[in-house]
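Observations on chain architecture
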Amino acid sequence: MKSTIFLILSLWRSVHHVQATAVFAHFMVYNSENFTVYDWEINIAEAQKAHIDAFALNIAYNFPTNNRSLANAFTAANALNFQLLFSFDYVGNGAWPEGEVIGLLRKYANNPAYYQHDGKPFVSTFEGSSNATDWATIKKYVDCFFVPGWSALGAKEALAVAPGVPDGLFSWAAWPEGPAPMETYIDSTYMQWLKDTGELPYMMPVSPWFYTNLPGYGKNWIWNGDNLWYDRWQQVIALKPDFVEIISWNDYGESHYIGPLHEGAYATFEIGKASYNYASGHPHDGWRDFLPFIIDVYKGARANVTTEGVTAWFRQAPGTACKNGGTTGNTETHGQEVFPPTEVLKDEVYYSALLRSAVDVDVSVDIGGVVQDGKWKNKPHGPVGLYHGSVPFDGNTGQVVVTVSRRGKTIAEMRGASISDSCLEDIQNWNAWVGTDFANKTTSRRPPPSPTPTAVSAASALLALGRIPFAIIFMALLANMVAATATPVQHEKLILTVPISDVSPSVYSAGTDNGDLGSLYSYGTTFGLYPINGYTCTTTADAPVTPFISTGATAFAYDAS
């Protein structure tokens, strides 16, 4: 029996091992019109501090600033030993002609600062599927590693529109629809199609927020960003895609920037006929502060927590305090059901703390002198890592202060902006304000390694041959995951039912012998975890309380606490 399990584990590891490689940040070149080389250097230095590997430069065709901006960007990148890559935008100013793409790649692809993968320049796009066949020609002239973002088609059609041309795919599905939290169904679909096509890599999108009100571009909606920055990175760590692209570094018009604000980069508000500049005075730098730890964990590095701290984000007015500006939750332009924005975004203060341990740690949120005790709604699988939670406004206004303390002694105190019942132009600003505070000194600790994500589908080829019973494979995968966890974790005895599902999930059921554990499906979907392959099996096993996921049919463990 033991030899059989070890054989299965060895086969599974060889089939399913995924090497995390790089994290990019989507950089809107048109917002660099007023950048000097020094401005590029400032932004690059901040990206390096965050452990970001490269900027994916979004370039719209024939935009006046392209030549100057690219020259300055590569000058700065070479000076600081940073990497850049091109993301050709086929929407912003029309489709790119083949010759223009070839010319630009020939000019920069061999630059020392251009990001290479497997010895080839890495190239992506924003849409452009109507010109998909152009890339067969482009790749004849420039042998690039091509990972387009043809998200309008979905994974299956994106691979079929120009067979053999993409070397991988990038999805733009970085935000949830409606009030529901972010899920990973689309990611899993991409990963499965890419795997079945020939083990092609997937570039997973991550974004912290989304709000746009630019009538000149016909854009005015929000997507749910309340817990998104925390949730999405947990999904990245679980799925371990080959690449990650953060959307975005500096797209101020869509409010998902994590880079520094720049007074010379706000032209989009004038061109887009915005009522006011809703990015000004709303820094998002705090969303970068824990990235070194998060990215190192994603890459499988032994990430150090050298300094504890807390990041908080919130909107600066209750949702009903001012006119909503005609903004909707979701957008009909994407064929989505539309909600009032107050049903999508909650009036809450959200906080994430990077801690060595939560033992004897308290968190409180002060809004205008009214203090609420906070709780950790999400915890890491071991003592070291990110702890996350939120508290409601509860009608309070005034300055927001989030304090994390251990045994009564303050670790970090984020003193933020104020919540008010008034708004600029009496129009609700659905953008977030973000801030961070770090402890002055803490002891360095290393977190336990994250459990390797496991998937039933990786062993499905053996199952199909009928050589090994499913129960043995299932138990072996569970054993492998537990063995990969460096510190002991709680276990619950569960009856796990993996349903058949091609498009949408069915219900996972938990056993009743441990009391009312609830629905595994309900628990799993709070992390956006869905099955996409057809396997049915019911078995009983000891499973860790931390959920685990990868592509294909997925088992969940339920935390009864």
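Throughout what follows, the structure given in this document is the object of discussion. (Residues numbered from 1 in each chain as written. Predicted model: local features only at pLDDT ≥ 70, side-chain atom pairs only at ≥ 80, totals over all residues. Heavy atoms only, no water.)

Side note on the overall build of the protein
A count of helical and extended segments in the protein gives 14 helices and 22 strands. When burial is assessed residue by residue, the protein has 58% of its 561 residues classed as buried. As displayed, the protein has an accessible area near 22,200 Å², and 51% of this comes from carbon and sulfur atoms. (Helix = DSSP H or I, 4+ residues; strand = E, 2+ residues; numbered from the N terminus. Buried < 20%, exposed > 50% of the residue type's maximum accessible area, 1.4 Å probe, protein only. Areas by Shrake-Rupley, 256 points an atom, 1.4 Å probe, with all protein chains shown as cover.)

Some points on the environment of Asp 231
In this fold, Asp 231 is placed in helix H8 (residues 228-239). The buried category is assigned to Asp 231, whose relative accessible area is 16%.

Quick notes on the pairing of strand E3 (residues 83-89)
Counting buried positions along E3 yields six of seven residues, so the element is predominantly enclosed. Following the backbone out of strand E2 (residues 54-60), through helix H3 (residues 66-80) and into the adjacent parallel E3, one traces a crossover that is right-handed. In the sheet, E3 pairs with strand E5 (residues 120-126) via four bridges, with the strands oriented parallel. Residue pairing across strands places Phe 88 opposite Thr 125, the latter belonging to E5. (Right-handed = clockwise from strand over helix to strand, strands pointing away. Pairing = 2+ DSSP bridges.)

Some details on the sheet that holds strand E16 (residues 370-373)
In spatial order, the strands read E16-E15-E18-E19; together these four strands make up an open sheet with antiparallel pairing. In the strand order of this sheet, the two ends are held by E16 and strand E19 (409-419), each with one partner. Taken pair by pair, the neighbouring strands of this sheet meet at an average axis angle of 20 degrees, ignoring direction. By the bridge criterion, eight bridges tie strand E18 (residues 398-406) to E19 in an arrangement that is antiparallel. The residue of E19 that forms the bridge with Gln 399 is Ser 418. (Axes fitted to C-alpha atoms, helices over the stretch in contact; angles between N-to-C directions.)

Observations regarding the nonpolar core
In terms of nonpolar packing, the biggest core is built from 118 residues, with Phe 55, Leu 57, Phe 86, Trp 135 and Trp 233 touching the most fellow members. Of all the elements, H8 adds the most residues to this core, at seven residues. Here this core spans two domains, and each of domain 1 (19-301) and domain 2 (305-443) adds at least three residues to it. Contacts of Trp 135, omitting those with residues within four sequence positions, involve Phe 88, Tyr 90, Val 101, Leu 105, Val 123, Thr 125, Cys 144, Phe 146, Trp 150 and Val 165. (Core = buried A, V, L, I, M, F, W, Y, C linked by side-chain atoms within 4.5 Å. Domains from an automatic or database assignment. Contact = heavy atoms within 4.5 Å.)

Things to note about the sheet that holds strand E20 (residues 433-438)
With respect to topology, four strands assemble into an open sheet ordered E17-E14-E12-E20, the strand pairing being antiparallel. Every interior strand has two partners, whereas the edge strands, strand E17 (385-392) and E20, have only one. Strand-to-strand twist of the sheet, defined as the mean angle between neighbouring strand axes without regard to direction, takes the value 15 degrees. When strand E12 (residues 309-314) meets strand E14 (residues 348-355), the two strands line up antiparallel, connected through five bridges. Across the sheet, residue Trp 313 finds its bridge partner in E14, namely Tyr 350.

Concerning empty space enclosed by the protein
Tallied over the entire structure, the rule returns four cavities of 30 Å³ or more. Looking at the largest cavity, its volume works out to about 90 Å³. Trp 229, Tyr 230, Trp 233, Gly 286, Trp 287, Phe 290, Leu 291, Ile 294, Thr 311, Trp 313, Ser 352 and Leu 386 together form the lining of the largest cavity. Residue assignment for the lining of the largest cavity shows that the elements contributing at least two residues are H8, helix H10 (291-298) and E12. When residues in the lining of the largest cavity are grouped by element, the largest group, three residues, is from H8. (1 Å grid on protein atoms, 1.4 Å probe; cavity = no way out; pocket = protein on both sides within 12 Å on 5 of 7 lines; lining within 4 Å. Points joined across faces, edges and corners; volume = space filled by probe spheres on them.)

Some words on the packing of H8 against H10
It is at 9 Å that the axes of H8 and H10 come closest, and there the two elements cross at 25 degrees. One finds that H8 runs roughly parallel with respect to H10. The handedness of the crossing between H8 and H10 comes out as left-handed. Facing H8, whose interface residues are Trp 229, Trp 233, Val 236 and Ile 237, H10 presents Leu 291, Ile 294, Ile 295, Val 297 and Tyr 298. Partitioned by chemical class, the residues of the contact of H8 with H10 number nine nonpolar, no polar and no charged. (Parallel < 35°, antiparallel > 145°, perpendicular 65-115°, else oblique. Left-handed = near helix turned anticlockwise from the far one by under 90°. Nonpolar A, V, L, I, M, F, W, Y, C, P; charged D, E, K, R; others polar.)

Some details on the state of the cysteines
The tally for this structure, following the rule as stated, stands at one disulfide. The side chain of Cys 322 participates in a disulfide bridge whose partner is Cys 423; the two sulfur atoms lie 1.9 Å from each other. Looking down the S-S bond of the Cys 322 and Cys 423 bridge, the torsion is 85 degrees, so its handedness is right-handed. Of this pair, Cys 322 sits in the loop between E12 and strand E13 (328-329) while Cys 423 sits in the loop between E19 and E20, and the two are 101 residues apart along the sequence. (Disulfide = S-S within 2.5 Å.)

Examining the pairing of E2
Among the seven residues of E2, seven are classified as buried, and the element is accordingly described as predominantly covered. Because side chains alternate across E2, one face comprises the buried residues Ala 54, Ala 56, Asn 58 and Ala 60, and the other comprises Phe 55, Leu 57 and Ile 59, equally buried. Inspection of the sheet shows strand E1 (residues 22-28) paired to E2 by five bridges, in the parallel sense. Bridge assignment links His 26 to a residue of E2, and that residue is Ala 56. Between E1 and its parallel partner E2, the chain crosses via helix H2 (residues 37-49), and the hand of that crossover is right-handed. As judged from the seven bridges shared by E2 and E3, these two strands associate in the parallel manner. Within the sheet, the bridge partner assigned to Asn 58 lies in E3 and is Ser 87.

Focus: the packing of aromatic side chains
According to the stated counting rule, one finds 48 aromatic pairs in the structure shown. Ring geometry for Phe 86 against Phe 88: centres 5.8 Å apart, planes inclined by 75 degrees, an arrangement best described as edge-to-face. Assigned by exposure class, Phe 86 and Phe 88 land together as buried. (Phe/Tyr/Trp six-rings, centres within 6.5 Å; stacked < 30°, edge-to-face > 60°.)

Some thoughts on the side chain of Thr 212
Structurally, Thr 212 can be placed in strand E9 (residues 211-214). If we ignore the near neighbours within four places in the chain, the residues touching Thr 212 are Lys 219, Asn 220, Trp 221, Gly 253, Glu 254 and Tyr 278.

Looking at the environment of Tyr 108
By secondary structure assignment, the location of Tyr 108 is in helix H4 (residues 98-108). For the pair Tyr 108 and Ala 71, spaced 37 residues apart in the sequence, the C-alpha separation amounts to 9.4 Å. Excluding its chain neighbours within four sequence positions, the residues that come into contact with Tyr 108 are Asn 67, Leu 70, Ala 71, Phe 74, Phe 86 and Tyr 114.

What about the environment of His 26?
Tracing the chain through its elements places His 26 in strand E1. A relative accessible area of 1% places His 26 in the buried class. C-alpha separation for the pair His 26 and Ser 87, spaced 61 residues apart in sequence, amounts to 8.2 Å. In contact with His 26, other than residues within four places in its own chain, are Ala 56, Asn 58, Ser 87, Trp 172, Glu 245, Ile 246, Ile 247, Ser 248, Trp 249 and Asn 250. A polar contact of 3.1 Å, which involves the side chain of His 26, links it to the side chain of Asn 58. For His 26, the side chain forms a polar contact with the side chain of Glu 245, separated by 2.6 Å. (Polar contact = N/O pair within 3.5 Å; in protein donor to acceptor, adjacent residues only side chain to side chain.)

Interpretation note: all reported values are geometric properties and have no functional meaning in isolation.
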